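Report on the structure
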Amino acid sequence: MTTERRKIPTGLVPIILYMTMVIVTPSAAKAQDQPPSPFAGAHGTVAIDPGHGGKDVGGRGNAGATEKEICLAIARELTHRLEPGYRVVLTRSDDYDIPLEERTAIANHHRADLFISIHTGASYLRNTEGMGIYHYQPAARAVAAPSSSNTALPLWHQAQMAHLNASQALAGSLRQSLTQLAGHPTVRTIAAPLAVLQGADMPAVIIEVGYLTHPSTEEELRSAEYQAALAKAIARGVERYFAASLRHER
């Protein structure tokens, strides 16, 4: 017994292909526009921002280490430390440029619970050392919380205003962990009107993990072992912050 194959008339092929594209394409595009949901069992979503990238090298040490490379290496190690307990979003996963506002826009798009931007410090004085953790403080002309009557800044630039206390608490948790590193480095928490933080609609900080211009610090920051130690300390600070937040909610 034979079966007869029915051929589609040649003239109908383009129509069928067009109908398929009309049906499939909009739904696929819509799915791409939606931020992915946190995976089951995650404790939260952490956006990690490796500072600089691409043509923007950032600081440079005397031995040739660049800030953009150090930051990306630490961010990758931190991602490894946080997963799978947390969902991690990297603002950049390789060596390319990202404007400041896009960094927090990525975190907002993915509905991150925290935003941590990683940087290194630089100084004309080669013996300057230590770490700094920056949280946002508005400039004097825009000290009020966002409201319909406060038009000193665009609403996008006021997003961090609702999280000032939480960002300060995050900075404190991270400082507590980083001071426990070998050698017990000096870690300062600093409030400043930094542009990269003002658009973050979640607790947000910048961590300067050390001065590339300090010879021994540059050598440490280039070490995979020290990068892992830094990432481990930052991850402990994140865990401490979330644990404290849960206790506060109860």
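Residues numbered from 1 in each chain as written. Predicted model: local features only at pLDDT ≥ 70, side-chain atom pairs only at ≥ 80, totals over all residues. Heavy atoms only, no water.

**Considering helix H3 (residues 100-109)**
In plain terms, the rule: Categorising residues by exposure relies on relative accessible area from a 1.4 Å probe, with only protein chains included: less than 20% of the type maximum marks a residue as buried, more than 50% marks it as exposed, and the intermediate range marks it as partly exposed. Working definition: helices are DSSP H or I runs of at least four residues, strands are E runs of at least two. Numbering for both runs from the N terminus. The directions considered for the arc run from the helix axis to the C-beta atoms. Contacts between residues were defined by any pair of non-hydrogen atoms, one from each residue, lying within 4.5 Å.
When H3 is considered as a whole, its buried residues turn out to be Arg103, Thr104, Ala107 and Asn108. Considered in projection along H3, the buried side chains sweep an arc of 135 degrees and stay on one side of the axis. Residues of H3 that are buried make contact with strand S1 (45-50), strand S3 (114-121) and helix H5 (195-198). With its phi angle positive at about 55 degrees, Arg111 sits one or two positions after the end of H3.

**Comments concerning the nonpolar core**
Which entries qualify depends on this criterion: Nonpolar core, defined: a set of buried Ala, Val, Leu, Ile, Met, Phe, Trp, Tyr and Cys residues in which side-chain atoms within 4.5 Å join the residues together.
The biggest cluster of nonpolar side chains holds 36 residues, and the ones touching the most others in it are Val46, Leu82, Ile118, Leu178, Ile207, Leu230 and Val238. Sorting the residues of this core by element identifies S1, helix H2 (67-82), S3, strand S4 (131-136), helix H4 (164-178), strand S6 (204-211) and helix H7 (224-249) as the ones contributing at least two each. Broken down by element, the residue count for this core peaks at 9 residues, all from H7. The contacts of Ile118, once residues within four sequence positions are left out, are Ile48, Asp49, Pro50, Gly51, Cys71, Ile74, Ala75, Leu78, Ile207 and Val209.

**A word on the packing of aromatic side chains**
Selection rule: Each aromatic pair joins two rings of Phe, Tyr and Trp (for Trp, the six-membered one) with centres within 6.5 Å, and gets the label stacked for planes under 30 degrees apart, edge-to-face for over 60, and tilted for any other angle.
Under the defined criterion, the tally for this structure stands at 2 aromatic pairs. An angle of 70 degrees between the planes, with centres 5.9 Å apart, marks the rings of Tyr241 and Phe242 as edge-to-face. The exposure classification of Tyr241 matches that of Phe242, with both residues buried. Put simply, the rings of Tyr86, Tyr241 and Phe242 pair up and form one aromatic cluster.

**Focus: the confidence of the model for the protein**
Condition: pLDDT measures how confident the predictor is about each residue, on a scale from 0 to 100.
The predicted model of the protein has a mean per-residue pLDDT of 82, with 75% of residues at 70 or higher. Low pLDDT, under 50, characterises residues 1-41; the predicted model gives this stretch 17 contacts beyond four residues in sequence or across chains. Predicted confidence for residues 142-153 stays below pLDDT 50, and this span has 16 contacts to residues more than four positions away or in other chains.

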